[in-house]
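An overview of the molecular structure
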2 protein chains.
Amino acid sequence: MSWEEKVRRVTPYVAGEQPQKKNIIKLNTNECPYPPAPGVARLAAEMDWEALRLYPDPNTSVLVNALAAYYGVKPSQVFVGVGSDDVLSLAFMTFFNGNQPILFPDVTYSFYDVWAELYRIPYKTCALDENWHIRPEDYRQPNGGVIFPNPNAPTGLLESLGTVEEIIRANQDAVVIVDEAYVDFGGVSALPLVEKYDNLLVVQTFSKSRAMAGLRIGFCIGSEKLIGYLNDVKFSFNSYTMNLPSQILGAEAVRDDAWFRETTAKIITTRERVKKELKELGFSFPDSRANFIFAAHESIPAEQIFRALRQADIYVRYWNKPRISEYMRITVGTDEEMDRLLDFLKEYVNSL
Amino acid sequence: MSWEEKVRRVTPYVAGEQPQKKNIIKLNTNECPYPPAPGVARLAAEMDWEALRLYPDPNTSVLVNALAAYYGVKPSQVFVGVGSDDVLSLAFMTFFNGNQPILFPDVTYSFYDVWAELYRIPYKTCALDENWHIRPEDYRQPNGGVIFPNPNAPTGLLESLGTVEEIIRANQDAVVIVDEAYVDFGGVSALPLVEKYDNLLVVQTFSKSRAMAGLRIGFCIGSEKLIGYLNDVKFSFNSYTMNLPSQILGAEAVRDDAWFRETTAKIITTRERVKKELKELGFSFPDSRANFIFAAHESIPAEQIFRALRQADIYVRYWNKPRISEYMRITVGTDEEMDRLLDFLKEYVNSL
């Protein structure tokens, strides 16, 4: 017998390309086109790098306290992780332990089924309606938990707080996770509902609106009970996950609210302008409230445009998957980047 | 029914205390008493913090390449993770998928049984002999994999490369993991055996000898096959785990070999001196090749000494567990720190 028979075999996930080439226009992984708060570089320069010899605070207090103060909750209602993928994965492991399938939309973030399979959690997807909206009635069936992004990915569509609350209200016997990775670009957060529903977990990230994908910070807010369970599971198998730079620099990003508001406002303005221009070029898309636009052209196949853009060193995201193969997902970059994209598309669309 | 019935319940691990108090002598979590390589602070000062807006390189190439060059292996033989706990946990998940129990010593790193339970891997512990040594014959029974630290924790005892190879040779149908967290303090690494045995995985960390516990970096080296399987599992559920500062600053720590050798040599010298002085005070201990000493006093119970030290703001580690309750684990600090410890112990031992 070979040792290889004891190895776990998997199908690796294919993430958005991270080309190492310079001078490309990178609109494929929903990063923020603007730098993080200026205090981040300043604090990094002042940091006591000798302190790296010590283990970081396992409770990540400096960051938890900054987030609690910012969102007006108790520190015991905040949990931070190494990116929201880390938070979500741990939440799946902690909260989705029932025997019934968990529910999430058929078109959604591509890691939900991956984590469900990893932790052997049964799951069932609920089809979005023909306008890409969640049908709240789908979430009235018996289940082991509910998760959906709001705004959804890769559509960018926002569900109203009324719809979100309807789903939570109908699911008091399971944990409901609202994944708000893109909420800061004009979305409406479910955070105010956390005081009302002790089974609601709201997950957010520093990778988009806070321009810190490179630091790996995600967090969630919920009832003290929920956060207590998450901490128990986390500390049961790994105490030290978030490193010192992330804790200190992340806290600074939270404190600079003016920068945060200015950055997100710029992205929203650019997004709305690009929507108009794309429409004129024959594109249609759900009305995104995220930092990307999920667009299909009236006559040219998305895969063809995707490849042409790539040739021109403009990277967007394309999935050859059922229901979404006619769309490409375009991250909202700076105005200059979007102008180069639009110029290319104008020429390309008219040349065919 | 309540949502709480679907929650995973665990017994949280109790890590070594991380007191936030200043001016204590902290000899309880095996951190390095000296700062990381000076280039780390210099590189941090030069770093382009605006680049934090982008996702980090998912392949952590800069760090993998630095490690491959240092240890004389191919980059495809190196895998890095967020601390060696992250690497070990992923290795358990990837390689220990058989039906037979995995084997590890009864007195060893306290996370092995935790990960085994987390991933529902059957396991069996093999008792160390009366001198705290591994009995290689115990590892000749059918098993789903083997793991042991060398030097072992919390004893600090080193097994010869002959013993290590004997265990590997007897286990060609399972993966053998040698956890070398403490190997740089006078141990002998199994790395040269990696070319000979494609089922051997050697795990190391930056948290001890490289003075970077605060950055969270661990790594392992093995055959290209083993590392390929690890990467497949890792990328199947989380692409971006190691942040940008860890990748860049970690690589710099590897490049400064002179600093590394100097730091570890100082710790070894201090350890050997402290051994002599502890012996004179009536302590006995396995002959540690790690950056800690696992010591028992001839007449005073370890727990009593542990509490007295704590009162004096000197933190060491104590476990009230079978077989080891008469010992405390003392990290080797600077000469000044160890003098304060020894001064206290002299007075304390003589006062009773």
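Residues numbered from 1 in each chain as written. Chains lettered and ligands numbered in written order. Predicted model: local features only at pLDDT ≥ 70, side-chain atom pairs only at ≥ 80, totals over all residues. Heavy atoms only, no water.

Looking at the overall build of chain A
To be explicit about the condition: Strands are runs of DSSP state E lasting at least two residues, helices are runs of H or I lasting at least four, and both sets are numbered from the N terminus onward. Summary of the burial criterion: residues with accessible area below 20% of their type's maximum are buried, those above 50% are exposed, and those between are partly exposed, where the area comes from a 1.4 Å probe applied to protein chains only. The contact criterion used throughout is that any non-hydrogen atoms of two residues lie within 4.5 Å. Using a 1.4 Å probe, accessible areas were evaluated by the Shrake-Rupley method; residue-level cover was limited to the displayed protein chains. Under the convention used here, Asp and Glu are negative, Lys and Arg are positive, and both His and the chain ends fall outside the count. For the purpose of locating charges, the reference atoms are NZ of Lys, CZ of Arg, CG of Asp and CD of Glu.
Within chain A, the secondary structure is distributed over ten helices and 13 strands. Overall, the C-alpha framework of chain A stretches about 60 × 55 × 55 Å when taken along its three principal axes. Taking all 352 residues of chain A together, the buried fraction comes to 64%. Contacts in chain A between residues at least 24 apart in sequence constitute 73% of all its contacts with a sequence separation of at least 6. Total accessible area on chain A is roughly 13,200 Å²; 49% of this is exposed by carbon and sulfur atoms. When the 37 basic and 46 acidic side-chain charges of chain A are each reduced to a single mean position, those positions are 2 Å apart.

Some thoughts on the packing of aromatic side chains
Our working definition: Side-chain rings of Phe, Tyr and Trp (the six-membered ring for Trp) are treated as a pair once their centres are within 6.5 Å; stacked means planes under 30 degrees apart, edge-to-face means over 60, and tilted covers the remaining angles. When the NZ atom of lysine or the CZ atom of arginine is within 6 Å of a ring's centre and also within 35 degrees of its normal, the charge is said to sit over that ring.
Enumeration according to the criterion identifies 45 aromatic pairs over all chains in this entry. Relative to Phe96(A), the ring of Phe92(A) lies with its centre 5.0 Å away and its plane at 70 degrees, an arrangement referred to as edge-to-face. Residue class for Phe92(A) comes out buried when judged on its relative accessible area of 0%. With a centroid separation of 4.6 Å and an interplanar angle of 10 degrees, the aromatic rings of Phe294(B) and Tyr327(B) are classed as stacked. Taken together, the residues span a long stretch of sequence, with Phe294(B) in strand S10 (residues 292-297) and Tyr327(B) in the loop between strand S12 (317-318) and strand S13 (328-331) at a distance of 33 residues. Chaining the aromatic ring pairs together yields one cluster made of Phe92(A), Phe96(A), Phe104(A), Tyr109(A), Phe111(A), Tyr112(A), Trp115(A) and Tyr123(A). Positioned above the aromatic ring of Phe292(A) is the side chain of Arg329(A), whose terminal nitrogen or guanidinium carbon lies 5.7 Å from the ring centre.

Focus: the UniProt feature "modified residue: N6-(pyridoxal phosphate)lysine" (unreviewed entry) in chain A
The condition that has to hold: UniProt positions are given in the numbering used here, feature names are shortened, and annotations may be inferred rather than shown by experiment.
This chain's UniProt record puts "modified residue: N6-(pyridoxal phosphate)lysine" (unreviewed entry) on Lys208(A). Mapped onto the secondary structure, Lys208(A) falls in the loop between strand S7 (200-205) and strand S8 (218-221). Ignoring any residue separated from it by four or fewer positions in sequence, one finds Lys208(A) in contact with Thr29(A), Asn30(A), Cys32(A), Ala181(A), Tyr182(A), Phe185(A), Asn291(A) and Tyr55(B).

A closer look at the pairing of S10(B)
Residue and element names in this part refer to chain B. For clarity, the threshold we go by: When DSSP locates at least two bridges between a pair of strands, those strands are taken to pair.
For S10, the tally of buried residues reaches six of six residues, placing the bulk of the element in the interior. Because side chains alternate across S10, one face comprises the buried residues Phe 292, Phe 294 and Ala 296, and the other comprises Ile 293, Ala 295 and His 297, equally buried. Across two bridges, strand S9 (residues 283-284) lies against S10 in antiparallel orientation. When the bridges of S10 are listed, Phe 283 appears paired with His 297. Here four bridges tie S10 to S13, and the two strands are oriented antiparallel to one another. By the bridge assignment for S13, Phe 294 is matched with Arg 329.

Some remarks on the interface of chain A and chain B
Note the threshold: Buried area: the sum, over both parts, of the accessible surface (1.4 Å probe) that disappears when the two are put together. For this analysis, a salt bridge means a side-chain nitrogen from Lys or Arg found within 4 Å of a carboxyl oxygen belonging to Asp or Glu. Here a polar contact is taken to be a pair of N or O atoms separated by no more than 3.5 Å, where protein atoms must pair a possible hydrogen donor with a possible acceptor and residues adjacent in sequence count only if both atoms sit in side chains. The residue classification treats Ala, Val, Leu, Ile, Met, Phe, Trp, Tyr, Cys and Pro as nonpolar and Asp, Glu, Lys and Arg as charged. All others, Gly included, are polar.
Of the residues lining the interface, 83 residues belong to chain A; the matching set on chain B comes to 83 residues. Roughly 6,900 Å² is buried in total at the junction of chain A and chain B, and carbon and sulfur atoms are behind 59% of that figure. Residue Lys225(A) is joined to Glu4(B) by a salt bridge in which the shortest nitrogen-to-oxygen separation is 2.7 Å. Viewed at the interface, chain B and chain A are joined by 43 residue pairs in polar contact (both at pLDDT 80 or more). Those elements that provide at least two residues to the side of chain A that touches chain B are helix H1 (38-46), helix H3 (84-95), helix H4 (112-118), helix H6 (224-237) and helix H7 (244-255) of chain A. When grouped by side-chain class, the residues that make up the side of chain A that touches chain B number 45 nonpolar, 22 polar and 16 charged.

Quick word on the side chain of Thr94(A)
Summarising the element assignment, Thr94(A) is placed in helix H3. Its relative accessible area of 0% is what places Thr94(A) among the buried residues. Setting aside chain neighbours within four positions, we find Thr94(A) in contact with Tyr229(A), Leu230(A), Val233(A), Lys6(B), Val7(B) and Arg8(B).

With respect to the pairing of S7(A)
Residue and element names in this part refer to chain A. Burial within S7 is extensive, with six of its six residues counted as buried. Burial of S7 is two-sided: the residues Leu 200, Val 202 and Gln 204 facing one way and the residues Leu 201, Val 203 and Thr 205 facing the other way are all buried. In terms of strand pairing, strand S6 (residues 176-179) meets S7 through four bridges, oriented parallel. Counted as the bridge partner of Val 176 is Leu 200 from S7. In this structure, S7 lies alongside S8, joined through four bridges in antiparallel fashion. Bridged to Val 202 within S8 is Ile 221.

Some thoughts on the domain arrangement of chain A
Residue and element names in this part refer to chain A. Test applied: Marked domain ranges trace back to an automatic or database domain assignment.
Domain parsing of chain A yields domain 1 (3-36 + 258-351) and domain 2 (38-256). Its C-alpha centre places domain 1 at a distance of 24 Å from the equivalent point of domain 2. Considering only the surface of domain 1 that becomes buried against domain 2, Phe 260, Arg 289 and Arg 323 emerge as the three largest contributors, covering 27% of it. Summed over the shared surface of domain 1 and domain 2, the result is one salt bridge. Among the salt bridges present, the one from Asp 106 reaches Arg 323, with a minimum N-O distance of 2.7 Å. Joining domain 1 to domain 2, the criterion identifies nine residue pairs in polar contact (both at pLDDT 80 or more). Those elements that provide at least two residues to the side of domain 1 that touches domain 2 are helix H8 (257-280) and strand S10 (292-297). If you tally residues by element for the side of domain 1 that touches domain 2, the top one is H8, at eight residues.

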